[in-house]
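Residue-level listing of the chains:
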Amino acid sequence: MPGDPACLAHIFYADEATNDSNPMPKSIAADLEKFLSDNDERIHKELFEFLRIPSVSAKSDHNADTKRAADWVKASLDKIGVPAKVYPTAGHPVVVGEWRNAPAGAPTVLIYGHYDVQPAEPLDLWTSPPFEPTVRDGNIFARGSVDDKGQLFLHIKALEAHLATRKKLPVNVVVIAEGEEEIGSEHLASFVEEQKKLLKADAVVISDSAMFAPGLPSILSSLRGLAYFEINVQGPKGDLHSGSYGGAVVNPAMALARILATFHDENGHIAIPGFYDKVRDWDPKIREQMRSLPFDDKALMKETGVDSLGGEKGYTTLEKLWIRPTCEVNGMLSGYTGEGAKTVLPAKAMAKVSCRLVPDQDPADIEKLMKAHVAKVAPKGVKVNVKHLHGGRPWRAELNGPIFDAARRALGAAFGKEPVITGEGGSIPVVGDFEKILGAPVLLVGFGLPGENAHAPDEWMSDENFRLGMRAMATLWDEYGKNGKR
């Protein structure tokens, strides 16, 4: 994001002090550095092999590719000395690898990542093919490069650095890689519940997010949740001639437009009754700190290519992005959209709608509110159906304890800068599931960057961040192993 990132993070969370008393290492261990440097070409070759697998979980015609990606992750873990198994689910498989030979009393870490990726369309907007990795201007371009194959893979290579050079790890490790994160992790929570004895850990580590700015390592402290809907409006039994029937038969496209227009009032507030009832208030001091930050709205407009910003009145841009809920139309489909004119009154219309949630909103509650509101405002003459496709709870970390202290030291050693604490407007549904089911703190430390096009054409990951991420994670295990159970 634009602005002064160091100032932003530290002012926003100025009251969250670390309890760490260990000195920060000046650099990563020499043997780990030598291994990663000597094997850099091979590591990149393996990463590119992983990125070439089009493991698009949302499309059934890629099911075989998704399974192939799961098998690839298993083989990669087996090869480095972390025996792995592929577990089938009702959807895409889950891969679990285990290494449990650390010294007595050492903590156990669960490392999570996902091997599935977003669809690559529209293909014509990619500079290079989405599943043919290409390095340009120091960045690795490919679908999944940053979300999340590159970040998952750097964890595997960090483990390999330890096992190849020392034949051991200072902590016990369980690696879990799923294939449904991009479609809501529908089956992961039940898998974790069923396998919680296998997955039991003292801490969970996830790299599926971005740093605040280039060169500035970050620890993520909060995430918005999600409730994602599909709204279908059905009118006549088939498309009609707009001249012969228009004006008498209710147009589903217009009906849908009227429904969507009721989601917000003239001030940008969400007008669905009850939507804000469970939104937790923020400390006025924190809001005041955010309002005083040197955040540059003009820089954000330039980054996104718009000439003005909108949203909920009464809140700053940062508040809108981090601590306020949203209701956004993600896509619409109806009638004739091809070249030229075709005068039809469409038989149906559809919209995809996502609501970003904040503590203490619940996706199930938002589903009830959305369905009740749409039923109330839907015009006569059409049938409307609202489907809740998937969701996830909002989350915020406490940032206290050995894993967070160790992360601060490890990131500082790899990047040469003290990490900052940030918030995130997006969602990672599994975070709350891990915390709730396993009762372990979750460390979110990502190595992406703003503007990385994670869900868009020309997705990329900084090659420098990929390299430094491996070194930071390799150092994390040294640091966490020192006093992980405290």
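Bear in mind that the values here come from a model prediction, so they are computed numbers and not experimental data.

A. Structural context of the packing of helix α4 (residues 63–80) against helix α5 (residues 149–166). Their axes nearest at 9 Å, the elements α4 and α5 cross at an angle of 15°. Considering their axes alone, α4 and α5 lie roughly parallel with respect to each other. For α4 against α5, the interelement crossing comes out left-handed. Where α4 abuts α5, its residues W72, V73, S76, L77 and I80 lie against L152, F153, I156, K157, L159, E160 and L163. Here the residues of the contact of α4 with α5 are counted per class, giving 9 nonpolar, 1 polar and 2 charged.

B. Quick peek at the pairing of strand β1 (residues 84–87). Summarising the sheet, β1 and strand β2 (residues 94–99) pair through 4 bridges and their orientation is antiparallel. Counterpart to Y87 in the pairing with β2 is V94. The antiparallel hairpin formed by β1 and β2 contains 6 residues in its connecting segment.

C. Inspection of the sheet that holds strand β4 (residues 134–136) at higher detail. Judged by pairing direction, the sheet is antiparallel, and its 3 strands sit side by side in the order β4-β5-β18 without closing on themselves. Only two strands of the sheet have a single partner each, and these edge strands are β4 and β18 (460–462). Going from strand to strand, the sheet's axes swing by 30° on average, the running direction of each strand aside. As paired strands, strand β5 (residues 139–141) and β18 are joined by 3 bridges and run antiparallel to one another. Directly across from I140, in β18, lies its bridge partner M461. Contacts from helix α16 (residues 463–483) reach β5 and β18 within the one sheet, and its direction differs from that of β18 by about 60°.

D. Structural view of helix α9 (residues 252–261). Taken as a whole, α9 has its buried residues at P252, A255, L256, I259 and L260. The buried side chains of α9 occupy one side of the element, clustering within an arc of 135° when seen end-on. Along α9, the residues that are exposed and aim more than 90 degrees away from the buried face are R258 and A261. Here the buried face of α9 lies against β9 (225–234), β11 (326–334), β12 (344–345), β13 (348–357), α13 (363–377) and β14 (383–392). Where α9 begins, the side chain of N251 points an oxygen toward the backbone nitrogen of A253, at a separation of 2.8 Å.

Calculation rules
Residues numbered from 1 in each chain as written. Predicted model: local features only at pLDDT ≥ 70, side-chain atom pairs only at ≥ 80, totals over all residues. Heavy atoms only, no water. Axes fitted to C-alpha atoms, helices over the stretch in contact; angles between N-to-C directions. Helix = DSSP H or I, 4+ residues; strand = E, 2+ residues; numbered from the N terminus. Parallel < 35°, antiparallel > 145°, perpendicular 65-115°, else oblique. Left-handed = near helix turned anticlockwise from the far one by under 90°. Contact = heavy atoms within 4.5 Å. Nonpolar A, V, L, I, M, F, W, Y, C, P; charged D, E, K, R; others polar. Pairing = 2+ DSSP bridges. Buried < 20%, exposed > 50% of the residue type's maximum accessible area, 1.4 Å probe, protein only. Arc of directions from axis to C-beta. Polar contact = N/O pair within 3.5 Å; in protein donor to acceptor, adjacent residues only side chain to side chain.

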